[in-house]
Each structure stands twice: as structure tokens, then as C-alpha cells.
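# Structural features, examined
For reference, the chains in residue letters:
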Amino acid sequence: MRESDVIVIGSGFAGLIAAAAADKRGKKVTVLSKGVGTLTIGGGTIDLLGYGNDGRPLANPAAGLAAIEPAHPYKKIGSPAIYAAIKFFLAICESAGYPYLGRLEEMKWIPTAAGTLKPTCLVPKTMDTTCLKSAHTVYAAGFQGLKDYYPHLVAKNLSKLPGYDKNYEIVMVNPHFTDGRDVSALDVARWLDTGTGRKECIRQLVKKVKAGAVILMPPVLGTSPDYQVLEEMETALDCRLVETVAIPPSVTGFRLRSMMLNYLKTAGVRIIEQVSVARAIMEKGKCLGVVTQNIDRERTYYAKNFILANGGFYGGGLRAEPGQAIEPIFNLPVEAPAKQEEWGNRQLFSPEKQSFAKIGITVDNKMRPLAPNGSIAIENIFIAGRNLRGYDFCFEKSGNGVALASGYQAAMSV
């Protein structure tokens, strides 16, 4: 029987960080991955905490932690572990040749495809906006055929914001895609991965932009977790390039996922993809193993400890049943309002947090699941990411931040 020290269920950001941190502690780690997680949807920025309980933007994420609600995962994890998690993540990025910028005491505001600003904390260098402050001329660049990205809209709305009243000019690049389908940011990024694509893009831009300016563009600067495309184009154009946040598929999230997977594979972490965990094998209050359902047959994986990081309702880590929410693998207690009509308020874009978003598994400060009476539900199970109770990641902009901190804390506890 082959046994791991730790099995991580889920390969979203929380699961990947948990696997990396457990490996760093010398544990033999196996990751069971059903899909690709939400990084390629949600993006590659690490939002620690953008808005307070009243919906107002915070001066910085660290200031917001002081006023966080008692049930929030950050409250259970604590500031020292949050700082340690950030340090650990930044070290991974640095070692991978894809360094990130930012710190907990600084809020970064990143332009979006709608010409608004999004609060975040840790960003790739392609989203470093410091050059925008002193820029006189900003070129809003677009690509012919790129779906749902309109540089005119970006420039128009940004110009109304304090500090962004620049001289905006619109420039368009034609990547000459001829198959007639919708073009995504990922298509353009793959075009720029090629030497031919970069050369053609530079050839078109250099005729339209002045040296020393800033070019604001969709997140398309290559799919690999490095800065080769950014650096080559900035040198050739003698301009600074800044990527905005845009709709899925997220190229920045794609790069971050690739970086984490490369890191884990290099470290020797075993990653088993396209498997769905169906049930657990329990004995005397402990989990001995989990059974996966595959195309051919069932397989059993044994470990000393398990980190559950398989998402919330959207990811399948939680399920909504009539009158209750359930955790389907270990049947862990899930705290939710008794009346299902109280799971959400009638205003989707409400000035208050949504109850359904805060439904999840209650944990202690080591991320162990708790029973309704406060006792440990299963002693060798640890919870990380979106299946945790007590926070609305969308309202407060904390999704990848909670994933990072809880994944790290779970790994430190096994």
C-alpha cells in the first residue's frame, strides 16, 4: 500500500499553495485534481482584502484585518500566518523567475476592461501601475476581433477618475486571425508567444506610439510565467506596458497556475489529474484514505492527513440540497441559515454581504473542521479555500488571499 504524508484534494490556488507548503516541510504530498481550478477564471492577482464590512474601500489590506468579523477565516488564521503565507508565495514567484509585486500594507488599484479600478494586493510585474502616475500620454491598445475589450471604453472611463486624467489615444493592432471565431485574450497571448507574433505586433505599434509613453493593454503578454514578452516589447517600443484586468479566460491566472504546477512538479509532488473523489474510508474518527472514481475503475489513495481544498458551491466542494448545504466527501458539518430563503437577499448587487457566500465549514485556528458542539469533527482533515465559512470573497475582494493564507495554514498544521 502506497501512502502519502498528505493528500490535497483540489488544485485551485488554495490546493496548490497547500501542496507547496507541505512539500517545503518535507512531507510526501499527492494532489488529486478534478479540474483546473478557478485561477484561469478569476485571475492571477492576489486580492487580500479590498473592501471593509461597510463596502467602502480600505486604505490597505492590513488595516482591514483589524476590523474583520470573528467568523472570518483570516481571524482564525491570524496575522503572523498571513504574513508568512505572503512571504512564502513571493519566494516561490522569485525562485520561478516570475516575481510578483506588493505587500499587505499597500493597496494596489488595477485598471479593468471597463475602465474602472480594482483593489488588489499582489500582482505580476505586467500590472505594475506606478508608471501611470507620471505619464502624460497613455495609449489604450486593443486588438482587432478581441471579444469584450474596448479600448475606447477603458480610456473614456479611466479619464474621469482622480489621477487618471491623462491624454489618452487609441491604438489598434490587427493579429490577422482569419478563422472567423470569437478571439479571446488567450488567443492573442498565444500569438505573442511566437516570435512572428511579437515582431508583427511591435511593427504595428511602433508606427503609432511615441517613445517614453505608457501603453495600457488587455492581459495578453504571453502565456508563460515569465516576463520575456513584456521585456522584449518594452525594449523595442521604448515604452512601458501595463496589463488591465479583463474577463475570462484569464491569461494572468493561466500563468500563475502554470508557475505553481511547474514548481510542484520540480519539487517532486505527485499530481494526479482528472480524478473525482467519491468517498472517504474512515476508522475510529480518522480518515485512512479516499476513493476516486475514474473512467476505468475506482482507486484508493491513503495518507496520514488530508487537506480539503476543492472549492465551494461553484467548484463542487459544497452542495445545496433542499433545506441544507452538504460537504459530499467527508460529510462534514456545513453551517448555513436554517431557512433556505434566508441564504441570499433579493438584491444581487446588494450593499451587504450575501449569506450564501458565507456558507461553509467552520474551522479552528489550525483549519480543522469543527462539529456543531465545537469539537474537532475529524482530526486529520484540514480545510482550505472557498469551502470555508464566514466570508464573501466577491463583496470584499479576498478570494485568492483567503486561498493563500488558508492553504498555507493548513499545510503548517499537518
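This section reports on the structure supplied with the text. What you see as residue numbers is a count from 1 along each chain, following the sequence as written. Whole-chain, interface and lining totals are the exception, using all residues; otherwise, since this is a predicted model, local features are given only for residues with pLDDT of at least 70 and side-chain atom pairs are given and counted only at 80 or more. Values shown for side chains rest on all heavy atoms present in the structure; no hydrogens or waters enter the calculation.

A fitted line through C-alpha atoms represents every axis, and for helices the fit uses only the stretch in contact; the resulting angles, taken between N-to-C directions, go from 0 to 180 degrees. Helix and strand definitions here come from DSSP, where helices need a minimum of 4 consecutive H or I residues and strands a minimum of 2 consecutive E residues; each element is numbered from the N-terminal end. Closest axis-to-axis distance for the helix α8 (residues 185–193)/helix α9 (residues 195–206) pair is 4 Å, and the angle between their directions is 100 degrees. Accordingly, the angle class assigned to the pair α8 and α9 is roughly perpendicular. Across from Trp191, Leu192 and Asp193 in α8, the residues of α9 making contact are Gly195, Gly197, Arg198, Glu200 and Cys201. Classifying every residue of the contact of α8 with α9 by side-chain character gives three nonpolar, two polar and three charged. When describing relative orientation, an angle under 35 degrees is termed roughly parallel and one over 145 degrees roughly antiparallel, while 65 to 115 degrees is termed roughly perpendicular and anything else oblique. Contacts were defined at the residue level, with two residues in contact if any of their heavy atoms lie within 4.5 Å. All amino acids are sorted into three groups, where Ala, Val, Leu, Ile, Met, Phe, Trp, Tyr, Cys and Pro are nonpolar, Asp, Glu, Lys and Arg are charged, and the leftover types, Gly among them, are polar.

What follows deals with the state of the cysteines. In this description, the term disulfide denotes a pair of cysteine sulfurs within 2.5 Å. Inspection of the entire model under this criterion finds zero disulfides. The structure places no disulfide on cysteine 121, whose sulfur is separated from the nearest cysteine sulfur, that of cysteine 93, by 12 Å. Not engaged in a disulfide, the cysteine cysteine 239 finds its nearest cysteine sulfur in cysteine 131; these two sulfurs lie 10 Å apart. Exposure is judged per residue with a 1.4 Å probe applied to protein chains only, and the accessible area is read against the type maximum: over 50% gives exposed, under 20% gives buried, and values in between give partly exposed. Look at cysteine 239 and you get buried, because its relative accessible area is 4%.

On to the environment of lysine 125. By the element assignment, lysine 125 lies in the loop between β6 (123–124) and α6 (130–134). Residues lysine 125 and tyrosine 227 lie 102 residues apart in sequence; the distance between their C-alpha atoms is 7.9 Å.

The α-helix advances 3.6 residues per turn, and as a result positions three or four apart in sequence lie on the same side. An expected span of 1.5 Å times one less than the residue number is assigned to each helix. The first and last C-alpha atoms of helix α5 (residues 79–95) sit 24 Å apart over 17 residues, in line with the 24 Å expected at 1.5 Å per residue. Among all positions of α5, only Ala81, Ile82, Ala85, Ile86, Phe88, Phe89, Ile92 and Cys93 are buried. For α5, the buried positions fall inside an angular range of 160 degrees around the axis, keeping them on one side. Among the exposed residues of α5, those pointing more than 90 degrees away from its buried face are Pro80, Lys87, Glu94 and Ser95. Tucked into the core, α5 has its buried residues touching α1 (13–24), α3 (61–65), α4 (73–77), β3 (100–101), α11 (251–267) and α14 (399–413). The directions considered for the arc are those from the helix axis to the C-beta atoms.

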